[in-house]
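Coordinates in review
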Amino acid sequence: SYSGWDRWFESEPPQTGEEAQPDLVALAVEQVSFNEKGEKHYQLHAARMLQFLDADRNHMFQPDIIIFREQKPAWKTTAAEARSDSQGEELRLEGNVQIVQQGVEQAAVMETATMTLYPKTSHATTQDKVVIRQHGIYIEALGLDADLNTNKLTLKRQVTSIYEPEKS
């Protein structure tokens, strides 16, 4: 594009729409967050991140978040994309969201289209359809609140559950 020399140093209103250009592009992002005791609390990896300073937002691609409990991985969350503010208090995950329980023999797997994850408090929520699978159990529901610290799931409405015991 072309701009006259007298306009080079004029300030422009910040762009906040989809046409806005990022202030920072990072590839292979790795962030580790520690709790007040110095223990690893969560780890974020993203294939790519775009940071928009004026709009106070980040856009991540292929985010992979591991939440730790007692220094061991407890839950792993993946998605196609995530958006957050610059503080990362809230991650809005979109596209093939999957949360998988870690460190157990028969892990629970939750799948949905979108989810909001609060990594600092280890909570997750969605209003969308959720499918939960665990050995012999299949659950569908609309909406979910999850406390990943205590492994407590609250299914909101239209809950359907199928239990298939092991065959001997």
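Please refer to the structure higher up on the page.
All residue numbers refer to position in the chain's written sequence, counted from 1. A pLDDT threshold of at least 70 governs which residues receive local features in this predicted model, and a stricter bar of 80 or more applies before side-chain atom pairs are shown or counted, although totals over entire chains, interfaces and linings include all residues. By convention in this description, side-chain values take in all heavy atoms of the structure and omit both hydrogens and water.

Topic: the overall build of the chain
Scanning the chain from terminus to terminus reveals zero helices and 11 strands. Note on conventions: DSSP H or I runs of at least 4 residues are helices, E runs of at least 2 residues are strands, and numbering of each starts at the N terminus. When the elements of the chain are put in sequence order from the N terminus, they spell out β-β-β-β-β-β-β-β-β-β-β. Type-normalised accessible area, obtained with a 1.4 Å probe on protein chains alone, sets the label of each residue: buried when under 20%, exposed when over 50%, and partly exposed for intermediate values. Counting over 168 residues, the chain shows a buried share of 35%. When the accessible area of the chain is evaluated, it comes to approximately 10,800 Å², of which 49% is carbon and sulfur surface. Residue exposure ignores everything except the shown protein chains as possible cover, and the areas themselves are Shrake-Rupley values with a 1.4 Å probe.

Examining the environment of Q43
Locating Q43 in the fold gives a position in strand β2 (residues 40–52). For the pair formed by Q43 and V32, sequence separation is 11 residues and the distance between their alpha carbons is 4.4 Å. We define a polar contact as two N or O atoms separated by no more than 3.5 Å, with the added condition that, inside protein, one atom must be a possible hydrogen donor and the other a possible acceptor, whereas residues neighbouring each other in sequence contribute only through side-chain atom pairs. Of note is the side chain of Q43, whose polar atom sits 2.6 Å from the side chain of E30.

Some remarks on the packing of aromatic side chains
The rule is short: rings of Phe, Tyr and Trp, with Trp giving its six-membered ring, pair when the centres are within 6.5 Å, and they are stacked under 30 degrees, edge-to-face over 60, tilted in between. For the structure on display, the rule yields zero aromatic pairs. Any Lys NZ or Arg CZ found within 6 Å of a ring centre and within 35 degrees of that ring's normal is scored as a charge over the ring. Seen from the ring of F61, R48 lies directly overhead, with NZ or CZ sitting 4.1 Å from the centre. The ring of F52 is capped by R57, whose NZ or CZ atom sits 3.9 Å from the centre of that ring.

A short note on the pairing of strand β9 (residues 123–134)
Two strands form a pair only when DSSP identifies at least two bridges running between them. Of the strand pairs in this sheet, strand β8 (residues 109–118) and β9 are connected by seven bridges, and their pairing is antiparallel. Considered in β9, the bridge of T112 is made with V130. With antiparallel pairing between neighbouring strands as the criterion, β8 and β9 make up a hairpin whose turn holds four residues, including S122 at a positive phi of roughly 60°. Inspection of the sheet shows β9 paired to strand β10 (residues 137–147) by 10 bridges, in the antiparallel sense. When the sheet's bridge partners are listed, R133 is paired in β10 with Y138. Between the antiparallel neighbours β9 and β10 lie two residues, among them G136 with a positive phi of about 80°.

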